[in-house]
Amino acid sequence: MKVFNTLSEKPWIGSSTGTGFEHIVEDNYTPGKTALKFFLTVVSMLFFLFIITFLSRTQFADFQALAGEPWLPLENSNQLLINTGLILLASILLQISVQFRTKVSANVKFTLITVAMTTSLLFIFGQWQVWQLLNSNGYYVNSNPANSFFYLLTGMHALHLLGGLFAVFRLIYIFYRNNNSKKFDQALQLATTYWHYLLILWIALFGLLTSSTETFKTIAQICGF
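Fair warning: this is a prediction, and the values are worked out from it, not measured in the lab.

A.B. asks: How do you make sense of the overall build of the protein chain when you look at a structure like this?
C.D. replies: Counting its secondary structure elements, the protein chain contains 8 helices and 0 strands. Secondary structure elements in the protein chain, listed N-terminal to C-terminal, are α-α-α-α-α-α-α-α. Going through the 225 residues of the protein chain one by one, you find that 37% of them count as buried. A separation of at least 24 residues holds for 76% of the contacts in the protein chain among residues at least 6 apart in sequence. Surface accessibility of the protein chain: about 13400 Å² in total, with carbon and sulfur atoms responsible for 66%.

Rendered as structure tokens:
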């Protein structure tokens, strides 16, 4: 009977006496983490389909890349590099606030988060400046497929970042109302993961959107387009 009871145990369910697995379940399988993983999977699939369509479209005759020649607008990508630095800084600051959440005061933590949110807003503003630059030089959204994809991909990325900003501001508001630091730290960790994801996604988009025609041809050959 003892052997049967041992084999019939379900440690992932837990019991009133404890199984030793509760902390693993709590740390790795919280509803928030599961929801975030699901959401990031959906977003990844969405951008993957956009990128595949974009790469396929680069092989059409009417596609004119935005970089690769001295006269093209994204050949000088300084503004985009500055924007990349801003979202990188936001990601680093959030990581510091999570890493040292138990060692710093609440004021320091909120200062780090505030600066991270500010640099994220500056990133979006910097992207808007690039859109304005393209428009002022005649690179309208409908004048070339490369322009359309640039506005689409950067716009979608900015919308996801704005959604993250709204979630963090709401998180801070709820914390000041309920003062539940444990739940706040858990939610902050999820937000930090989301920011890291958006940073990696942006770096991939940045590399793709500033590629030359020759690079697109090479990628298309590798992918079999």
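A.B. asks: Hey, could you run me through the environment of Leu 134 in this one?
C.D. replies: Along the polypeptide, Leu 134 turns up in helix H5 (residues 106–136). Note on Leu 134: relative accessible area 2%, which makes it buried. Linking Leu 134 and Leu 66, residues 68 residues apart in sequence, is a C-alpha distance of 9.7 Å.

A.B. asks: Can you help me understand the environment of His 196 in this one?
C.D. replies: Its place among the elements puts His 196 in helix H7 (residues 181–209). Look at His 196 and you get partly exposed, because its relative accessible area is 26%. The sequence separation of His 196 and Gln 95 amounts to 101 residues, and the corresponding C-alpha distance is 8.8 Å. Contacts of His 196, omitting those with residues within four sequence positions, involve Ser 91 and Gln 95. One polar contact links His 196 to Gln 95, side chain to side chain, over a distance of 2.7 Å.

A.B. asks: When you look at the pattern of salt bridges in this model, what are you seeing that I'm missing?
C.D. replies: Should the charged atoms of two oppositely charged side chains come close, the side chains can pair. All told, the structure shown has 2 salt bridges when counted by the stated rule. With a closest N to O distance of 2.8 Å, Asp 62 and Arg 57 form a salt bridge. Lys 109 is the salt-bridge partner of Asp 185, the closest N and O atoms lying 3.0 Å from each other. Here Lys 109 lies in helix H5 and Asp 185 lies in helix H7, a separation of 76 residues in the sequence. In this structure, Asp 185 and Lys 109 share a single accessibility class: buried.

A.B. asks: Help me out: how do you make sense of helix H3 (residues 31–57) in this one?
C.D. replies: For an α-helix, 3.6 residues make a turn, and residues three or four places apart therefore share a direction. Taking 1.5 Å as the rise per residue, H3 with 27 residues should run 39 Å; its terminal C-alpha atoms sit 39 Å apart, in good agreement. Those residues of H3 not exposed but buried are Leu 36, Leu 40, Val 43, Phe 47, Phe 54 and Leu 55. Contacts made by the buried residues of H3 are with helix H6 (145–178), H7 and helix H8 (213–223).

A.B. asks: Where do I start with H6 in this structure?
C.D. replies: In this model H6 runs 49 Å from its N-terminal to its C-terminal C-alpha over 34 residues, within 8% of the 50 Å that 1.5 Å per residue would give. Backbone geometry just downstream of H6 places Asn 179 in the positive-phi region, at approximately 55°.

Cut-offs and rules
Residues numbered from 1 in each chain as written. Predicted model: local features only at pLDDT ≥ 70, side-chain atom pairs only at ≥ 80, totals over all residues. Heavy atoms only, no water. Helix = DSSP H or I, 4+ residues; strand = E, 2+ residues; numbered from the N terminus. Buried < 20%, exposed > 50% of the residue type's maximum accessible area, 1.4 Å probe, protein only. Contact = heavy atoms within 4.5 Å. Areas by Shrake-Rupley, 256 points an atom, 1.4 Å probe, with all protein chains shown as cover. Polar contact = N/O pair within 3.5 Å; in protein donor to acceptor, adjacent residues only side chain to side chain. Salt bridge = Lys/Arg side-chain N within 4 Å of Asp/Glu carboxyl O. Expected span 1.5 Å × (residues − 1).

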